[in-house]
Every structure is written in structure tokens, then in C-alpha cells.
Amino acid sequence: MTNTELLNRADVLRHGRTPFVLATVVHAERPTSARPGDSALILPDGTVEGFVGGTCAETTVQRQGLRVLETGESLLLRITPAADTGTEGARDPVEGLVTVANPCLSGGTLDIFLEANLPPALAYVYGHAPIARALLDVGRVLGLDARPASPGEPLPPDLDVVVIATHGRDEETVLTEAARAGVPYIGLVASPKRGAAVLAGLDLGEEQRTHVHTPAGLDIGARTPAEIALSVYAEIIELRPQVARAARPAARSAAPQAVTENVDPVCGMTVAITAATLSLDRAAGRVYFCGPGCRHAFADDPSRYAHA
């Protein structure tokens, strides 16, 4: 996969709102098979697309990349064969640097930048009037994936925000559908009196009603469409921790999961357990390996590694 193909693939993932990590080799001390500029993508299922080194280096990048998907924080990964790096995988005194001792390397050291690429919060805006247009413009400036929506349009599982600025048209239908779908933040742009009347007439449970905010936005004395849009996003930002906790089960199941790890009994390397991780079933349980070399060595003489 060339760099151009890799970047095109990254664009496809972004468009599909699939989280991934872009790993780029920024420094290599020979002997290593990777060179500065080599890059790969790490996907939530542990798939590695591209090239950042041999099997053992790739296994380390995969493991640390899955951790980056968990935290959302980019980092510089140093993979070295040195045995005196301290706790394996511990963060260096240098902020943002993680050093991993990899006994499988041929003798060189790799510095690889792992960049988190997580989809921005997805917001659907209903309406065509100036306030709705301002909600789209301001949302995009703030980095949200703000999209115009129409009543009856299916709601995606990772939808974070719904704001209704239709001025009385199809409000009840959209509010009910969004609340029943468990969208974390639902805002209705309306006066306090009309908003309360609309909310009272909805066939919703008490817990579902807690996601509906009307009048949408903080009371900052907003008058113009842009100011009203700003007040709505200010409320969303203020409620961000609650919105994150209220993420729907379907969205949580599609998010990167906690990394499960095990130790290769042959080389002592910690590996992330994914569908692609090499393994062997033993009476005492499944054994995982960083690459085919270690698996073959174990299969040839399991008793040699009984201590592990």
C-alpha cells in the first residue's frame, strides 16, 4: 500500500466516521526494515493496514494504537531492543513519549508517531430558517459534524445531538423519535411557554424527557440567529460530560473497546488480543504470540516455555 493509497483509505474511514490511528515512522536507527515516512492505519478491530516494520514492530504498534483509540490521545512510540527501558510500555519522563522494549527487533530503534483520528460529535439540525443555518455554520466552526436533517430520516447509532429549529413544523415527531432512540442531547428552539407546551404533549417517559432541552441553549441574552446558535452549543459544551455518559448502547458497541492483552511466552512481549492475533490452544488455556516465529518455537517444544 503506497502512501497515496493509505491517505485515500484514511479519507474513506473519516467519511464513514470510523475511528483509526495513523502511525508514521519519524525516525529509524538501523538495522530496521522500516524507514522514515513509512506509515500504517490501526483500526478498532486491531487490523493494521500499511507498513511500519516487521512482525514484532507491527505487533507493538497495533497494541499501542488500540490504546490510543481508547484514550484519544496521540503519542510518540519508541520501540527499542534495549533491556533497560524500565517498566514495559511505561510513559517516559518526556511528556507524550512511550518507550517499549522489544526483544524481537534486529537491533535498531524506531520512533513512530501514533495520531488518533476520532470522528467528531455528530449533530443533526432540523429546519431551514436563519437559526437552523446558523446552527450548521457555528457547529462546523466548533468542529462538530453538523448536518441538515429532515423529519423521517433514519437516526444513525452514533448521533450525539439533535437540534430542532423548525418553528412549529414536525417538532413532536422528531422529538419523540430522537428521545426514544436515546440521543444524548435534544434541543428545541422555542419560547419557554411554547416549548413547555410541546414537551408536555409528548408521549415519553420521564427518563426520556430529561434529554430534551427547551428552550434550547443557555440564557446569554442571545438575539440574532448566530447568537442563538452560540447559546445552544454553549449548553451542549456545558453538558458534555453527561452527554458522553448517556451515549446510546449501539454507539458504545461501535466504539473502540478496552484492549485485552497477554504475554508471548517465547519472547516475553505483551500483545493485544484481537481476532488476528496468532494463538495456540493448550490444556491450560489459549496461548498468544507476537508472530509466527514465536508460535512455531512454542509448538516445537512447549515444555521449554513452561516457566512462562
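Scroll up to find the structure this text is about.
It should be emphasised that the depicted structure is a prediction, and the values quoted were computed from it without experimental measurement.

K.L.:
Kindly report on the environment of Asn262, identifying the contributing residues and their values.
P.N.:
Structurally, the position occupied by Asn262 is in strand β12 (residues 261-263). When its relative accessible area of 31% is taken as the criterion, Asn262 is described as partly exposed. When the C-alpha positions of Asn262 and Cys290 are compared, they lie 9.8 Å apart, and in sequence the two are 28 residues distant. With residues near it in sequence (within four places) discarded, Asn262 still touches Met269, Thr270, Val271, Ile273 and Tyr288.

K.L.:
Describe the sheet that holds strand β1 (residues 20-29), and please don't skip the residues or the numbers.
P.N.:
Taken in spatial order, the six strands make up an open sheet running β3-β2-β1-β6-β4-β5, and their pairing is mixed. Two strands close off the open sheet at either side, each with one partner strand: β3 (48-50) and β5 (97-101). With strand direction ignored, the average angle separating the axes of adjacent strands in the sheet is 25 degrees. Pairing of strand β4 (residues 75-80) with strand β6 (residues 109-117), which is carried by five bridges, proceeds in the antiparallel orientation. Within the sheet, the bridge partner assigned to Ile79 lies in β6 and is Leu110. Sitting on the sheet, helix α1 (residues 3-15) touches β1, β2 (39-42), β3 and β6, and the angle it makes with β2 is about 25 degrees.

Rules used in this analysis
Residues numbered from 1 in each chain as written. Predicted model: local features only at pLDDT ≥ 70, side-chain atom pairs only at ≥ 80, totals over all residues. Heavy atoms only, no water. Helix = DSSP H or I, 4+ residues; strand = E, 2+ residues; numbered from the N terminus. Buried < 20%, exposed > 50% of the residue type's maximum accessible area, 1.4 Å probe, protein only. Contact = heavy atoms within 4.5 Å. Pairing = 2+ DSSP bridges. Axes fitted to C-alpha atoms, helices over the stretch in contact; angles between N-to-C directions.

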